[in-house]
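Residue strings, one per chain:
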Amino acid sequence: MGPVDISKLFCRRRFPKGIALVPILVYFPIGLVLAILRVFISFTAVIAAFLLRSLPALQRVVLRVLLSVLGIVVTSDCTNKISSQVLVTNHITILDEIAISLVVHCVKPWRNSISNTTSWLLGYTDFKYETGKQAFLENLKKYVAGKELPVLCVPEGAITSGQTALLKFADWPFLLEEDVQPIAITASRPAIFNVTLSTLDSSWTSDLFWFLFVPYTHFHIKSLKVVEKGEDESTDQYIQRVQGVLAEQLNISTTQYTAADKSQLIKKLYLEEQQRHRDAEIRLRRSQTRSPSPYSPATRSHIELLADRVKEVLPHVPTAVIKKDLGVTRDVDATITNILEGKIEFTPEDLNPVKKDTIEKVPSKSLLNQKKQTFSKNSKERQKSFEERKQEMIEAARQRYMAKHGMM
Amino acid sequence: MAGSALKRLMAEYKQLTLNPPEGIIAGPVDEENFFEWEALITGPDETYFEGGVFPASLTFPPDYPLSPPKMKFTCDIFHPNIYNDGKVCISILHAPGDDPMGYESSAERWSPVQSVEKILLSVVSMLAEPNDESAANVDAAKTWRDNRPKFAEIAERTVKQSLGLL
């Protein structure tokens, strides 16, 4: 594995910075109209490709013309004749396979990353990828043994910028035959409209839009010499050798990062981005707290402080309920009063349930026939009632005791 | 925070008055001072203290319910978990950090979720089942452990005394 950092393998930005952005901005209205027109032309291209699939030679000519109208120009250097049943290529855009199939007559195995209908219309061949690697491999092997058309494989499994390094190759294309033929694909756009072909986390629809937006995208396809598996060579060594050959042609390095590592990187960057947003939000909130207006959302943390004080007194009241009332009263005592006086409805939180056995130990037999009690609003009446109840309780207990012990 | 303490005590008083636990009455001695309460606790049935009505005082700190109240029986009561001066020694009356006896499980400690009612119910449990492992009154604990008939006799006298029958 080279010392290349994985994030260097992909473009992060769709557009160039600074002055280079100006021509793109100027061109934007034209590009937009062009893209819309080309969307309709692309339907024609898809239909033409579909109708002419029994006449592959004619199909390729027609498609080449239609695709150049769409801004997809393909040139090739096929000095090394296609002579292997298995072709492997690097992966830089969503249209790599289509571009190659314009110059090389081959089959494109159907990958589950594209929707079924789309891949069928675009002339992919179904080798039952979704049934699992083993079955997929068997199907491909059977096909390759028939020696009809070469199979075009994309062993990287994920798009890179094509500028820095290759991802690790998957092994399946190398298990089909004893040789493979590498194909190097490069793509470029006019220097003044240098919109990135594909960014780290771009969707195929956005990539396609920018294909249709820019005046043209130039693909260059070069077939390399067939690489045969050495007799004493392990599959791993063989795969690495092919990767090396292709990388050398492209003048980039090789890595052992896989398509899964790319997904991880996307996830990691996404999470970091989220964290940055959260931090920014917290900073914003803090700076707002210092603002004096009592009704701005800034007083949030102040309310939280007050809520803590209420919670200390009334721990069973849910914090949300406390905060809601504090939002109105902005006063600890007023909120406590509101809650205690039952002005606010809430479901008590069971913070520290009393042990059941503690309660069960309480005598179950009624010792006193307590009347339905009232709680007067008048302090004196309450106190009178309290005194009376105490006397009643002692008196009743005395009577009961004397009755029980035959003292009467 | 004294205002909050007052409000909470008022709420508890109201709760205890409207829905009193069986055999328990509690409230401020004089509403001029809400931090001094009096409670009457009836000895649970089928225990040595059956039928007695025992008065106790509860003294609340200004930062109640952050700190627990102090509870003291104002009658003579011979019990392993009650000091000679009447002070009640049970875990619910201690905050988690404060552990003079080093015996309590923190689960039953004082916290603002506890209440006067829970304290009084714990005291009723304590009357029913003395805990002689953490004795406040060593004599009482010894008697309870070694001479149950004598303990019953003393308890009986306490009950009669509490009812003014002795």
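The following refers to the structure shown. (Residues numbered from 1 in each chain as written. Chains lettered and ligands numbered in written order. Predicted model: local features only at pLDDT ≥ 70, side-chain atom pairs only at ≥ 80, totals over all residues.)

**So, the overall build of chain B**
On a plain count of helices and strands, chain B comes out with four helices and four strands. When the 166 residues of chain B are sorted by exposure, 47% land in the buried category. Partitioning the intrachain contacts of chain B with sequence separation of at least 6 by distance along the chain shows that 51% fall at a separation of at least 24. (Helix = DSSP H or I, 4+ residues; strand = E, 2+ residues; numbered from the N terminus. Buried ≥ 20, exposed ≤ 12 C-beta atoms within 10 Å, placed from the backbone. Contact = placed C-beta atoms within 7 Å.)

**Notes on unusual backbone geometry**
All names here are of chain B. With omega at 5 degrees, the peptide bond leading from Y64 into P65 counts as cis. Positionally, P65 belongs in the loop between β3 (53–59) and β4 (70–73). You will see that E46, though not glycine, has its phi angle at about 60 degrees, which is positive. By the element assignment, E46 lies in the loop between β2 (33–42) and β3. According to the C-beta neighbour criterion, E46 is exposed, with 9 such atoms within 10 Å.

**Looking at helix α1 (residues 21–51) of chain A**
Residue and element names in this part refer to chain A. Most pronounced at F28, the bend in α1 amounts to some 55 degrees, and the proline P29 follows within four residues. Considered for burial, the residues of α1 that qualify are R38, A45 and A49. Elements in contact with the buried residues of α1: α2 (56–69) and α6 (204–213). (Bend = angle between axes of the 7 residues up to and from the residue.)

**Some remarks on the interface of chain B and chain A**
Tallying the contact residues gives 36 residues for chain B and 37 residues for chain A. Taken together, the elements giving at least two residues each to the side of chain B that touches chain A come down to α1 (2–18), β1 (24–30), β2 and α2 (116–128) of chain B.

**A few points about the packing of α1 of chain A against α2 of chain A**
Residues and elements named next belong to chain A. Where α1 meets α2, the closest approach of the two axes is 10 Å, and the angle between their N-to-C directions is 170 degrees. With respect to α2, the axis of α1 lies roughly antiparallel. On α2, the residues that touch I41, T44, A45, A48 and A49 of α1 are Q59, V62, L63, L66, L67 and V69. Each residue belonging to the contact of α1 with α2 can be placed in one class, and the counts come to nine nonpolar, two polar and no charged. (Axes fitted to C-alpha atoms, helices over the stretch in contact; angles between N-to-C directions. Parallel < 35°, antiparallel > 145°, perpendicular 65-115°, else oblique. Nonpolar A, V, L, I, M, F, W, Y, C, P; charged D, E, K, R; others polar.)

**What about the packing of α1 of chain A against α6 of chain A?**
All names here are of chain A. Closest axis-to-axis distance for the α1/α6 pair is 7 Å, and the angle between their directions is 110 degrees. If you check the angle between α1 and α6, you find them roughly perpendicular. Contacts between α1 and α6 involve G31, L34, A35, R38 and V39 from the first element and F209, L212 and F213 from the second. Class assignment of the residues belonging to the contact of α1 with α6 gives a composition of six nonpolar, one polar and one charged.

**Quick notes on the environment of Q114 of chain B**
Residue and element names in this part refer to chain B. Locating Q114 in the fold gives a position in the loop between β4 and α2. In the structure, Q114 is positioned 48 residues away from L66 in sequence and 10.0 Å away in space, judged by C-alpha atoms. Other than its neighbours up to four places away in sequence, Q114 contacts I92 and I119.

**What to know about the nonpolar core**
All names here are of chain A. I72, L87, A99, V151, I183 and I185 are the most contacted members of the largest nonpolar core, which totals 58 residues. At five residues, the largest contribution of residues to this core is made by strand β7 (residues 179–188). Ignoring sequence-local partners within four residues, the contact set of L87 consists of V104, C106, P150, V151, L152, C153, Q181 and I183. (Core = buried A, V, L, I, M, F, W, Y, C linked by C-beta atoms within 7 Å.)

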